[in-house]
Amino acid sequence: VCVCVRACVTTMRADRTKSGYLFYAEPRMFVTAWIRLFFSIKNGLLVSPESTSKIKAPISLSLNLCSVKPAQVSEADRNFCLKVISPVRTLLLQAESSQELLEWMEVLSNAISHALLAQAGSPDGRESVSPVTTDNAKPLPPPRREKSRFNVMKELYAVEGNGICADCGVTKPKWTSVNLGVLICIDCSGVHRSLGVYVSQVRSLTLDTLKPEWVENLKQNGNTASNLVYEALLPKDFDKDALRQQDDARQQFIVSKYVDMKYVVEEQRAQIEASRLEQKAESFRRSQQAYVNAESSEVAVTSSASEVSEKPRDKNSSQHLIAENIVRQEPSSLHRTGSNSMLKKVGKSLGQVKDSVVKFAKNE
């Protein structure tokens, strides 16, 4: 009997504790930054003990005042997300898989239930209180596109060489460079992000939705085919185990491999450099075209404003009286009017605005 009681208590305690990495949505001025942090659930608290400059304030929530629910896709624009809601703040978190999401939801629910029971004076855990809320009070539905995502990962792992990271050799890589057509581990993906989008465009196999053209490129290339190009001149006795142990060595190797193309033969290096230059030129052309379109729209709006301002009107009309009143105002008062703010959008200075209003008042 004692053994059974001990086993039961151990299970209950295990169901109320968990630790691991989650992506935390840090609200910024115009965007939401997703930061990978280490979280733990213990003693009725959800905390992130990491000390980092990436977040504005440390995360520590007392779970007896919280509830947890799955986040809608419209709220997070990502899969495997959950919300921990408290009177003080709401945490938007993302797990790395559907299984991890269910585990975090279950453990948070158990921890919140136990915290509520303990607060009410019933810490024995006999009652069942579930703070998990859903719209229909039905079991949590499986995340969307999970089956297709799993099938895509299965197909990519079947490509030759994709079972290990293209750079350091870690097994089962879950990140990818979609333009290079390789699978990489999470540690190497951090270095790839620093190379720039013209060199490497990083996505997650489990967190991001891959475009069909990306998947096709990954199937056609693969780690083995890519390394035949980018590691053609790599010494045969090069030890990649050191890359997994030293971050500086990892970064130096990846920069040499993809940016400097130190291990690429001369002809292929020239082709890759030409391709990257073409991508930069195309990006510049698109930016220039967008600028020209904006300028054309500005000229069209300015012309329309000029036509309206120069149209003859009756001097006794209400428009004429309003225009005279505006001209008599001080520049600071004119700045506060809606007319000035509207005309500033089409590139007119304050003096030009005043000139246009004067013409309008004189019916020129």
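Shown above is the structure to which this text applies.
Keep in mind it's a predicted model, so treat the numbers as computed, not measured.

Cut-offs and rules
Residues numbered from 1 in each chain as written. Predicted model: local features only at pLDDT ≥ 70, side-chain atom pairs only at ≥ 80, totals over all residues. Heavy atoms only, no water. Buried < 20%, exposed > 50% of the residue type's maximum accessible area, 1.4 Å probe, protein only. Helix = DSSP H or I, 4+ residues; strand = E, 2+ residues; numbered from the N terminus. Pairing = 2+ DSSP bridges. Axes fitted to C-alpha atoms, helices over the stretch in contact; angles between N-to-C directions. Salt bridge = Lys/Arg side-chain N within 4 Å of Asp/Glu carboxyl O. Parallel < 35°, antiparallel > 145°, perpendicular 65-115°, else oblique. Left-handed = near helix turned anticlockwise from the far one by under 90°. Contact = heavy atoms within 4.5 Å. Nonpolar A, V, L, I, M, F, W, Y, C, P; charged D, E, K, R; others polar.

Colleague: Lay out the pairing of strand 7 (residues 90–94) with the relevant residues and their values.
Modeller: Among the five residues in strand 7, four count as buried, and that is most of the element. The pairing of strand 1 (residues 18–27) with strand 7 spans two bridges and is antiparallel. The partner of Phe23 across the bridge, within strand 7, is Gln94. Where strand 6 (residues 81–85) meets strand 7, five bridges bridge the pair, whose relative direction is antiparallel. Each residue of the ladder has a partner; that of Cys81, found in strand 7, is Gln94. Counted between consecutive antiparallel strands, the loop separating strand 6 from strand 7 contains four residues.

Colleague: Tell me about the sheet that holds strand 10 (residues 202–204), and name the residues and values.
Modeller: Reading across from one edge, 9-8-10 is the order of the three strands in this open sheet, with antiparallel pairing throughout. Only two strands of the sheet have a single neighbouring strand rather than two, namely strand 9 (182–184) and strand 10. The average undirected angle you get between the axes of adjacent strands in this sheet is 35°. Relative to strand 9, strand 8 (residues 175–177) runs antiparallel, the two sharing three bridges. Within strand 9, the position partnered with Ser177 by the bridge is Val182.

Colleague: Describe the pairing of strand 5 (residues 67–70), with residues and values.
Modeller: A regular strand places its side chains so that they alternate between the two faces of the sheet. Only one face of strand 5 is covered, namely the one carrying Val68 and Pro70; the face carrying Ser67 and Lys69 has none of its residues buried. Two strands pair when backbone bridges link them, and strand 5 and strand 6 are joined in this way by four bridges, in the antiparallel orientation. Directly across from Val68, in strand 6, lies its bridge partner Val84.

Colleague: Before we move on, can you summarise the pattern of salt bridges with the specific residues and values?
Modeller: Inspection of every chain in the model, using the stated rule, returns twelve salt bridges. Across the pair Lys18 and Glu100 runs a salt bridge, and its minimum N-O distance is 3.9 Å. With Lys18 in strand 1 and Glu100 in helix 3 (residues 98–119), this residue pair connects regions lying 82 residues apart in the sequence. By relative accessible area, which is 16% here, Lys18 ends up buried. Take Glu100: its relative accessible area is 27%, and that puts it in the partly exposed class. Here Asp187 makes a salt bridge to Arg250, at a shortest N to O gap of 3.9 Å. Of this pair, Asp187 sits in helix 5 (residues 186–193) while Arg250 sits in helix 9 (residues 247–259); the two residues are 63 residues apart in sequence, bridging distant segments of the chain. Judged by relative accessible area, which is 46%, Asp187 ranks as partly exposed.

Colleague: Before we move on, can you summarise the sheet that holds strand 4 (residues 59–62) with the specific residues and values?
Modeller: Strand order in this open sheet of seven strands is 4-3-2-1-7-6-5, and the pairing throughout is antiparallel. Looking along the sheet, the strands with just one partner apiece sit at the ends: strand 4 and strand 5. For this sheet, the mean inter-axis angle between neighbouring strands, taken without regard to orientation, is 30°.

Colleague: Describe the packing of helix 5 against helix 9, with residues and values.
Modeller: Relative to each other, helix 5 and helix 9 sit at 55°, their axes nearing to 10 Å. The angle between the axes of helix 5 and helix 9 places the two elements in the oblique class. Note on packing geometry: the crossing formed by helix 5 with helix 9 is right-handed. Of the residues in helix 9, those touching helix 5 at Asp187, Cys188, Val191 and His192 are Arg250, Gln251, Ile254 and Tyr258. Among the residues making up the contact of helix 5 with helix 9, the classes are represented as four nonpolar, two polar and two charged.

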